[in-house]
Amino acid sequence: MALPKVGSIGEYIREQRQQAKISLRQLAAAAGVSNPYLSQIERGLRKPSAEILNQIAKGLHISAQALYVQAGLIEDKEPPSDVEAAIRADTHLTGRQRQVLIDIYESFRKENHAGDEQPSQNARPQRDPESDDDPLPEDYLAALEPFAAGAGNENVNQETREG
């Protein structure tokens, strides 16, 4: 959900109001705030509370979250991927194991991210036989070492498995 970059929350509200083709008075009435107060917000003289932003969002018929992000009240975070959700939901892994897998997965995504282009979710990635031979970075190997140590040993106790 990328929002246009503007200088302030007031400018963003003004831009949204103008795109909606409503006057300052109409928005003030719809949001339940006074004309002068809304004008001061738009000019950057006042910083609205979350409650006022919610009322303005309703008046503009836009998402309150969009205004919260623009005002810096919340972060515009990408929702977790299905892979990350599956890792977090796996009860057969310890918390540390889940976090290591998520860290590795995120690092691979960042490493392979080329611009904003994302393949469609239905598209299957092409298998590159040479890429399977690429060694993992040393810090990942070190993080995985305690888990790999017991992989071939059938006599590993429960305490060792849980890391």
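See the structure shown above.
### Brief notes about the nonpolar core
Right, on to step 1. Judged by nonpolar contacts, the single largest core of 17 residues is most densely connected at I9, I13, L27, V33, L38, I56 and L67.
Right, on to step 2. Taken together, the elements giving at least two residues each to this core come down to α1 (9-19), α2 (24-31), α3 (35-42), α4 (50-60) and α5 (64-71).
Right, on to step 3. With five residues, the single largest contributor to this core is α4.
Right, on to step 4. Setting aside anything within four residues of it in sequence, one finds I56 in contact with I13, L27, A31, L38, I41 and L67.

### Details of unusual backbone geometry
Right, on to step 1. Positive phi is not limited to glycine here, since K21 has a value of about 55°.
Right, on to step 2. Note that K21 resides in the loop between α1 and α2.

### Some points on the pattern of salt bridges
Right, on to step 1. According to the stated counting rule, one finds two salt bridges in the structure shown.
Right, on to step 2. For E42, the salt bridge goes to R14, with nearest N and O atoms at 3.4 Å. Taken together, the residues span a long stretch of sequence, with E42 in helix α3 and R14 in helix α1 at a distance of 28 residues.
Right, on to step 3. Taking the relative accessible area as the measure of exposure, E42 reaches 4% and is therefore buried.
Right, on to step 4. Here R17 ties to E42 by a salt bridge, and the two come within 2.7 Å at their closest N and O atoms. Pair noted here: R17 is in helix α1 and E42 is in helix α3, with a separation of 25 residues, a long-range link.
Right, on to step 5. Here the residues in one salt-bridge network are R14, R17 and E42, joined through shared partners.

### Focus on the environment of Q70
Right, on to step 1. Turning to its location among the elements, Q70 is positioned in helix α5.
Right, on to step 2. Counting along the chain gives 61 residues from Q70 to I9, while the straight-line C-alpha distance between them is 5.8 Å.

Basis of the calculations
Think of each chain on its own: its residues are numbered from 1, step by step along the sequence as written. Totals for whole chains, interfaces and linings use all residues, but because this is a predicted model, local features are given only for residues with pLDDT of at least 70 and pairs of side-chain atoms are given and counted only at 80 or more. Remark: hydrogens and water are excluded; side-chain values derive from all non-hydrogen atoms of the structure. We define the nonpolar core as a collection of buried residues of types Ala, Val, Leu, Ile, Met, Phe, Trp, Tyr and Cys that are connected through side-chain atoms lying within 4.5 Å of one another. Categorising residues by exposure relies on relative accessible area from a 1.4 Å probe, with only protein chains included: less than 20% of the type maximum marks a residue as buried, more than 50% marks it as exposed, and the intermediate range marks it as partly exposed. The secondary structure listing takes helices from DSSP runs of H or I that are at least 4 residues long and strands from runs of E that are at least 2 residues long, numbered from the N terminus. Here a residue-residue contact requires only that any non-hydrogen atoms of the pair lie within 4.5 Å. Definition used for salt bridges: Asp or Glu carboxyl oxygen within 4 Å of a side-chain nitrogen of Lys or Arg.

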